[in-house]
Amino acid sequence: MDFQGKVVVITGACGGIGKETARLFAKQGAKLALIDLNQSALEAVASELELVDYLAIGADVTDENQVMNYVKATKAKYGKIDIFFNNAGTVGKLARMTEMTTEDFDKVVNVNLKGVFYGLKHVLKVMQEQKSGSIVNTSSGLGMHGGIGLGAYSATKHGIIGLTKTAALESAGFGVRVNVICPSAVYTPMVNVIEAFRSPESTEKARENSEQRIPLKRYATPEEIAELVLFLSSDKASFITGSEYKIDGGLRA
C-alpha cells in the first residue's frame, strides 16, 4: 500500500493505536496531521517517529471550533485531506448505570460521539468538495454488544457505527468512502482501566480471564489494528464503504 504524497489526519494520535497508525502511514510516504489534546506530547510522538513533513495540532475534539481549526490548518498547509482516521476516544469513568453521574456520562458522549461527529462534519466538507477521500472511524467491540460498567462507552461506540453508515450513504456520490473498525481488547493503557474495574484486586487475573475468552488467546497489538486502518484507507478497499469491521481474535464469531 503506497501512500506517497497522501495527506492523513489522525485524531487521538498520542494513543497506542493512533501513534502506531501514524508510524505505518509515515513509512508509506504519507504527510501527517497529528491531532491530540497535548501539543508537547504530539511533538514527542513526531520526534519518536522521526517525522519530517507533518503538522502537530493540539485540539480538543469536543470543541467544534477547535475541530474546524485543525481541518482548516491541514488544508491550508497541504491543500487537501485524503484520509481521516477519526480515532480520538475515551473509556471514561466506569460505573454501573445506577451509579453513573450525568456529568460522567456526558464526558464520554462529548469525546466519543460529538467528537467523531464534528470530525465527520468538517472533514467531509473538504472531501466532498475535492470528490475523493477515505474516512475510518474507531468504534469498538463494545459498539456491537454491552459491557458491565461500560454503558456510556458502549452507547457512544454503537452511535459511531450509526454515524459511519449515514456518512457513507451521504458521501458515496462524491467518491468518498467511510468505514468503521471495531477492535476488542488491545494492548494499550485504555484496556488497563477496564481490567482494573473488573478485578481491582488483580488486574493480571482480569487480563488472563479476558485473554482466555478470546479464541486466539491474546489481545490485539496496536500494529494489527493499524494495518486494518491502512487497508481500509487504501485503493485496495475501493469498493468498501459503510462497513464495520470486527478485529477481535474471533471473540464474537
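Residues numbered from 1 in each chain as written. Predicted model: local features only at pLDDT ≥ 70, side-chain atom pairs only at ≥ 80, totals over all residues. Heavy atoms only, no water.

Comments concerning unusual backbone geometry
The general pattern is negative phi for most residues beyond glycine and trans for most peptide bonds. The line we're drawing: Helix and strand assignments come from DSSP, with helices taken as H or I runs of at least 4 residues and strands as E runs of at least 2, each series counted from the N terminus. Relative accessible area decides the class of each residue, using a 1.4 Å probe on protein chains only: under 20% of the type maximum gives buried, over 50% gives exposed, and in between gives partly exposed.
The phi dihedral of E50 falls on the positive side, at around 55°, and the residue is not glycine. Within the secondary structure, E50 sits in the loop between α2 (39-48) and β3 (54-58). For E50, a relative accessible area of 69% gives the class exposed. Positive phi outside glycine occurs at K131, with the angle close to 60°.

Regarding the nonpolar core
Heads up, the rule is: We define a nonpolar core as any set of buried Ala, Val, Leu, Ile, Met, Phe, Trp, Tyr and Cys residues linked to one another through side-chain atoms lying within 4.5 Å. Contacts are residue-level and defined by heavy atoms, with any inter-residue pair within 4.5 Å sufficient.
Within the largest apolar cluster, 32 residues are counted, with the highest numbers of intra-cluster contacts made by I10, F25, L32, L34 and I181. The set of elements that each furnish at least two residues to this core consists of β1 (7-11), α1 (16-27), β2 (31-36), α2, β4 (83-86) and α8 (222-233). When residues of this core are assigned to their parent elements, the largest contribution, six residues, is made by α8. Not counting chain neighbours up to four residues away, the residues in contact with I10 comprise G18, T21, A22, F25, L32, A33, L34, I35 and F85. One finds V7, I81, L120 and V178 within the second-largest nonpolar core, a separate group that totals 29 residues.

Brief notes about the sheet that holds β1
Put simply, the rule reads: Pairing between strands is defined by DSSP: at least two bridges between the two strands are required. For helices, the fitted axis covers only the stretch in contact; all axes are lines through C-alpha atoms, and the angles between them, taken along N-to-C directions, range from 0 to 180 degrees.
Overall, parallel pairing links the seven strands, which are arranged β3-β2-β1-β4-β5-β6-β7 in an open sheet. Of all strands in the sheet, those bounded by a partner on one side alone are β3 and β7 (244-247). Within the sheet, the average angular offset between the axes of one strand and its neighbour, ignoring direction, is 15°. Bridge count for β1 against β2 is five bridges, and the pairing is parallel. Looking at β2, one finds that V9 is bridged to A33. Along the sheet, α2 contacts β2 and β3; its crossing angle with β3, the most-contacted strand, is approximately 155°. Against the sheet, helix α4 (residues 102-130) contacts β4, β5 (133-138) and β6 (176-183), and its axis sits at roughly 175° relative to β4.

That's the geometry; what it means functionally is another story.
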